[in-house]
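Chains, contacts and geometry: an overview
What follows is the residue order along each chain.
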Amino acid sequence: MMEQLWYGKSGWRWWLAPFALLFAIISGARRYAYRRGWCKAYRAGIPVIVVGNISVGGNGKTPVVIWLVEQLQARGYKPGVVSRGYGGKAPHYPYRLDAASTTAQAGDEPVLIARRCGCPVVVAPKRADAVRLLEQSGEVDIIITDDGLQHYALARDIELVVVDGARRFGNRCLLPMGPLREPVTRLKRVDAIICNGGEPAKGEYPMSLIADGPRRVRDDAPLAEPLPRTVDALAGIGHPPRFFATLTGLGYELQQSVGYADHHPFDRDELVARFGQRPLLMTEKDAVKCRPFARDNWWYLPVSAQLPASLLDTLLQKLAQAKSATVAAAGARE
């Protein structure tokens, strides 16, 4: 229903205008208080990059985080990642992931990032607590926060916003009248806007997701021989149709294509009963949750973000400036 209100032409959204106005007043006042310094934000001793969005739902932030970590690692940086850990309940906070960490403890996206990148990942509802833990470890020299554009209690040096190129900003209204957490004018103050699919607007960096060959969910084994043309598919992400379109673009015919809510906690019995003998394809984010009970013919499709070299050049320049500013601030404190 909300998808139709936000991205369709339903006139019912105007009934929600008073609540959207209230949301605008509260969120705007909070944002202004941090900008003026009335509310204190934690300033880390190393540069912080935020990868976020201004709308609810999945826009492709996690692939950008993975791309950024890999690019920085290749250039000698030691990045760490912090996240809220949505969907997980850790034994304590801040919680640093290890090889045994589960999605029930840390959430699906942090587990995925830790597996793909092999970098330190810490989750905490208060991201500043996660940042402090990484700083104290001495293992990282830059921190990337997966989501958290609106988490103003953590100061940041670089802000990247990911936009869904197909859905854009819907009706451009704030919650709950529309899908926006902040007004579109907020984009004027970020360092880069990344357009995931679709046609980038002026000044936006284009992004595409490149699919690798399917891997088996239970053990990450690559395909020994091609899958049949007809398969089943599921996706528990912000916008499942994007994944299904990727599969059809690769030549698969989807007998079943079942979309679930983002971060959906999958139930083994429900999935086994719903999906029968055909191979089942899912996203890598879904696979980290299904791995403990996956069948042999369940596969996931790894994807990687492809972004222009000009974006990386811009980020490296801004990062160098941020590191210089951090060193200068530390010297002034001494």
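Along every chain, residues carry numbers that run from 1 in the direction the sequence is written. Residues qualify for local features only when their pLDDT is at least 70, as the model is predicted, and side-chain atom pairs are given and counted only at 80 or more; totals for whole chains, interfaces and linings, by contrast, use all residues. Side-chain calculation: all heavy atoms of the structure are included, whereas hydrogens and water are not.

What follows covers the UniProt feature "transmembrane region" (unreviewed entry) in the chain. UniProt positions are given in the numbering used here, feature names are shortened, and annotations may be inferred rather than shown by experiment. Under the local residue numbering, the UniProt record ascribes the feature "transmembrane region" (unreviewed entry) to residues 12-33. Numbering of helices and strands runs from the N terminus, with a helix taken as a DSSP run of H or I at least four residues long and a strand as a DSSP run of E at least two residues long. A distance of 33 Å separates the end C-alpha atoms of residues 12-33, which is 77% helix and 0% strand.

Here we come to the pairing of strand E8 (residues 205-211). When DSSP finds two or more bridges between two strands, those strands count as paired. In the sheet, strand E7 (residues 192-196) pairs with E8 via three bridges, with the strands oriented parallel. Across the sheet, residue Cys195 finds its bridge partner in E8, namely Pro206. When E8 meets strand E14 (residues 303-306), the two strands line up antiparallel, connected through four bridges. Bridge pairing in E14 places Leu209 opposite Ala305.

This next bit is on the pairing of strand E12 (residues 280-283). Residues Leu280 and Met282 point to one face of E12 and Leu281 and Thr283 to the other, with burial holding for every one of them. As paired elements, strand E10 (residues 230-235) and E12 share two bridges and run parallel to each other. Looking at the pairing, Asp232 lines up with Leu280 of E12. As paired elements, E12 and strand E13 (residues 298-301) share four bridges and run parallel to each other. By the bridge assignment, Met282 is partnered in E13 with Tyr300. Taken together, E12, helix H9 (residues 284-290) and E13 form a β-α-β motif whose crossover is right-handed. Residue burial is assigned from relative accessible area. The probe radius is 1.4 Å, only protein chains are included, and a residue is buried under 20% of its type maximum, exposed over 50%, and partly exposed in between. Crossovers are marked right-handed if the path from the first strand over the helix to the second runs clockwise, as seen with the strands pointing away from the viewer.

The next point concerns the UniProt feature "binding site: ATP" (unreviewed entry) in the chain. Those places that UniProt annotates as "binding site: ATP" (unreviewed entry) correspond, in this numbering, to Ser55, Val56, Gly57, Gly58, Asn59, Gly60, Lys61 and Thr62. For Gly57, the location among the structural elements is in the loop between strand E1 (48-52) and helix H3 (61-74). Taking relative accessible area as the criterion, Gly57 reaches 30% and is therefore assigned partly exposed. Looking at the secondary structure, you find Gly58 in the loop between E1 and H3. Contact partners of Gly58, with chain neighbours within four places excluded, come to Asp164, Arg167, Gly238, Arg242 and Asp262. The criterion used for residue contact is that any of the two residues' heavy atoms lie within 4.5 Å.

Between 30 and 60 degrees the pair is tilted, below 30 it is stacked and above 60 it is edge-to-face, where a pair is any two Phe, Tyr or Trp rings, Trp via its six-membered ring, whose centres lie within 6.5 Å. The full count for this structure, using the stated rule, is five aromatic pairs. Residues Phe243 and Phe244 carry aromatic rings whose centres are separated by 6.1 Å and whose planes lie at 55° to one another, so their mutual orientation is tilted. Considered together, Phe243 and Phe244 belong to a single accessibility category, that of buried residues.

Let us now look at the pattern of salt bridges. Side-chain pairs of opposite charge can arise whenever the charged atoms involved come near each other. Here, a salt bridge means any Lys or Arg side-chain nitrogen found within 4 Å of an Asp or Glu carboxyl oxygen. Scanning the model with the defined rule gives 25 salt bridges in all. Among the ionic pairs, Glu284 bridges to Arg116, the shortest N-O distance being 2.7 Å. One end of the pair, Glu284, is in helix H9; the other, Arg116, is in helix H5 (residues 108-117), and 168 residues separate them in sequence. Glu284 gets classed as buried once you look at its relative accessible area, which sits at 12%. Residue Arg116 is classed as partly exposed on the basis of its relative accessible area of 24%. Where Arg167 meets Asp164, a salt bridge forms, and the shortest distance between an N and an O atom there is 3.1 Å. Overall, the relative accessible area of 13% leaves Arg167 in the buried class. A relative accessible area of 2% means that Asp164 is categorised as buried. Taken together, the shared-partner salt bridges in this structure form one network comprising Arg31, Arg156, Glu159, Glu182 and Arg186.

So, about the sheet that holds E13. Strand order in this open sheet of five strands is E9-E13-E12-E10-E11, and the pairing throughout is mixed. The sheet is open, and its two edges are formed by strand E9 (215-216) and strand E11 (253-259), each paired on a single side.

Here the focus is the sheet that holds E7. Strand order in this open sheet of nine strands is E3-E4-E2-E5-E1-E6-E7-E8-E14, and the pairing throughout is mixed. Whereas interior strands pair on both sides, the edge strands pair on one side only; in this sheet they are strand E3 (95-96) and E14. Both E1 and strand E6 (residues 158-164) contribute to a ladder of four bridges, which runs parallel. Pairing of Ile49 across the sheet is with Ile158, part of E6. The angle between two axes is taken between their N-to-C directions and runs from 0 to 180 degrees, where each axis is a line fitted to C-alpha atoms and a helix contributes only its stretch in contact. Lying over the sheet, H3 contacts E1, strand E2 (79-83), strand E5 (142-146), E6, E7, E8 and E14, oriented at roughly 165° with respect to E5.

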